[in-house]
Structures are given as structure tokens and as C-alpha cells.
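The primary structure of each chain is shown beneath.
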Amino acid sequence: MDQNPTQPAFPTGDIRTLRPFEQVELLEVLSSLGSSLSLNSGEPSQILKTLRIHLRQLIPLRAGAFYLVAPDTAEFRLEDFAPAEEHQNIQNAVDRAIDEGTFAWALRQNRPLLTRSGSGTLILHSIATRSRCLGMFVGLSGDSRPHETDIGMRLLTIILGQGAYALENSALQMRIMRQNTELEQTVATRTSQLEVAL
């Protein structure tokens, strides 16, 4: 999520104050996200890549990372981050946020939580559906300090909400495929047992 020098600063204020073409551009990005997520709904890694690409178009971040909850251990695992050279900075910021309790606080919010981190701002936002938390987005902004009510932060909530449902759908699809495979194996085993018995 490296900072693009031609990218504007965080959108600020009310969306109605944007010029009409800027409003249309935002709507186009959000619209393309929906179709991209439906095309990449199989693998969580593809979903996270799609989210990262769309976030980069809307929010200038120095770095960004996605942590997902491991279903077997309930631990947060780093699944996707960019750029690679910011990996240690992201991990250090997350470790501090965990130690300070900020990470846990952000999990219970459906909005971005902003806190100072070195020379920039740490952005924490849960990736959650109404029923459960699936992970956490961690962003490091550069010099500019975003505000929770900025358009970019509101769009972050929308994008991560869509991503959470895409991740949940992906997990359900995988579970159904696994159950179908198990059912087919059970039927094949019982069929062969019946053939031997007859």
C-alpha cells in the first residue's frame, strides 16, 4: 500500500462537498469492488488482494496489512501486506497496539480507530460481519493525519464490510465443498460394502 505521489490526500468532509466527477469516481471504485469480490470469492488470499487494490485507489497509505482469525486457534495471522519493506513496521505497530489494548478495543468497533504511531498514524479497523469478527485491517498513514469522519475512513468501513461478507461466503463455500466430498466418500464406501455383501 505504498504511497502514490500523484494520489490526493485523504478525502475530507462530507461527500456532498465533492465535485460531481469526484463523487462518480468514488462510486465507480465501490461498484467495481462488488464485481471484483464476486469474481474472486473462492480464496481468501484473492479477496484480500482485491480489497488491497481498491483501498489503494481511495486511501493513501504508507503500508497496509490484513490479519485474519485462524479458525482452529482463534489467533490473528498476517495474511496479506504491502509493501514488503514495511513488514517489520506493521508488526511492531500491531504488537504495541496489542500491548496497549488498542487492538482489542478496535475489534469491538465498526469504524476505524486512529492512533499515533511514530511519524504517522496507525489505522485499525475490524473485518467483521454482524455475527462474528473475521480479522483486522492495519494501515500506516504517512504524514497526513486522517480523521475518523473523513470520506476515506467512511469508505474504509464500507469496503471492509463488503470484504468481511466475501470472506464469510468463501468459508461457507469451502465448508460445503468439504462436506460434499465427505458425503461422496461415504456413499462410495457404503455402495462398495453393499456390493460385497450381495
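All values reported here derive from a predicted model rather than from experimental measurement.

What about the side chain of H54?
Link 1 in the chain: Looking at the secondary structure, you find H54 in helix α2 (residues 44-58).
Link 2 in the chain: Within the structure, the side chain of H54 is placed 3.0 Å from the backbone oxygen of T50, a separation counted as a polar contact.

With respect to unusual backbone geometry
Link 1 in the chain: The peptide bond linking A82 to P83 adopts the cis configuration, its omega dihedral lying at -5 degrees.
Link 2 in the chain: Relative to the assigned elements, P83 resides in the loop between β2 (76-82) and α3 (87-100).
Link 3 in the chain: Despite not being glycine, A74 has its phi angle at roughly 65 degrees, a positive value.
Link 4 in the chain: As for its placement among the helices and strands, A74 is situated in the loop between β1 (63-69) and β2.
Link 5 in the chain: Using a relative accessible area of 55% as the deciding quantity, one classes A74 as exposed.

Concerning the pairing of β1
Link 1 in the chain: Among the seven residues of β1, six are classified as buried, and the element is accordingly described as predominantly covered.
Link 2 in the chain: Across six bridges, the pairing between β1 and strand β5 (residues 133-141) is antiparallel. Across the sheet, A65 pairs through a bridge with V138, a residue of β5.
Link 3 in the chain: Where β1 meets β2, six bridges bridge the pair, whose relative direction is antiparallel. Bridge pairing links A65 to F81 in β2.
Link 4 in the chain: Where β1 folds back onto β2 in an antiparallel hairpin, the turn is made up of six residues, including A74, whose phi is positive at roughly 65 degrees.

Points about the sheet that holds strand β4 (residues 120-128)
Link 1 in the chain: Strand order in the open sheet formed by five strands is β2-β1-β5-β4-β3, and the pairing between neighbours is antiparallel. In this open sheet, the two edge strands, each paired with only one partner strand, are β2 and β3 (113-117). Within this sheet the neighbouring strands show an average axis-to-axis angle of 25 degrees, counted without direction.
Link 2 in the chain: Strand contacts of α2: β1, β2 and β5, with the helix running at about 150 degrees to β1, the strand carrying the most contacts.
Link 3 in the chain: Across the face of the sheet, helix α5 (residues 151-197) comes into contact with β1, β3, β4 and β5 while running at roughly 35 degrees to β4.

Comments concerning the pattern of salt bridges
Between side chains of opposite charge, a pair can form when the charged atoms approach closely.
Link 1 in the chain: Here the structure, examined in full by the defined rule, presents four salt bridges.
Link 2 in the chain: Here R62 ties to E86 by a salt bridge, and the two come within 3.5 Å at their closest N and O atoms. One end of the pair, R62, is in the loop between α2 and β1; the other, E86, is in the loop between β2 and α3, and 24 residues separate them in sequence.
Link 3 in the chain: When its relative accessible area of 25% is taken as the criterion, R62 is described as partly exposed.
Link 4 in the chain: Among the ionic pairs, D72 bridges to R77, the shortest N-O distance being 3.6 Å.
Link 5 in the chain: A residue is classified by how much of its surface remains accessible, and R77, at 38% relative accessible area, is partly exposed.

Rules used throughout
- Residues numbered from 1 in each chain as written.
- Predicted model: local features only at pLDDT ≥ 70, side-chain atom pairs only at ≥ 80, totals over all residues.
- Heavy atoms only, no water.
- Helix = DSSP H or I, 4+ residues; strand = E, 2+ residues; numbered from the N terminus.
- Polar contact = N/O pair within 3.5 Å; in protein donor to acceptor, adjacent residues only side chain to side chain.
- Buried < 20%, exposed > 50% of the residue type's maximum accessible area, 1.4 Å probe, protein only.
- Pairing = 2+ DSSP bridges.
- Axes fitted to C-alpha atoms, helices over the stretch in contact; angles between N-to-C directions.
- Contact = heavy atoms within 4.5 Å.
- Salt bridge = Lys/Arg side-chain N within 4 Å of Asp/Glu carboxyl O.

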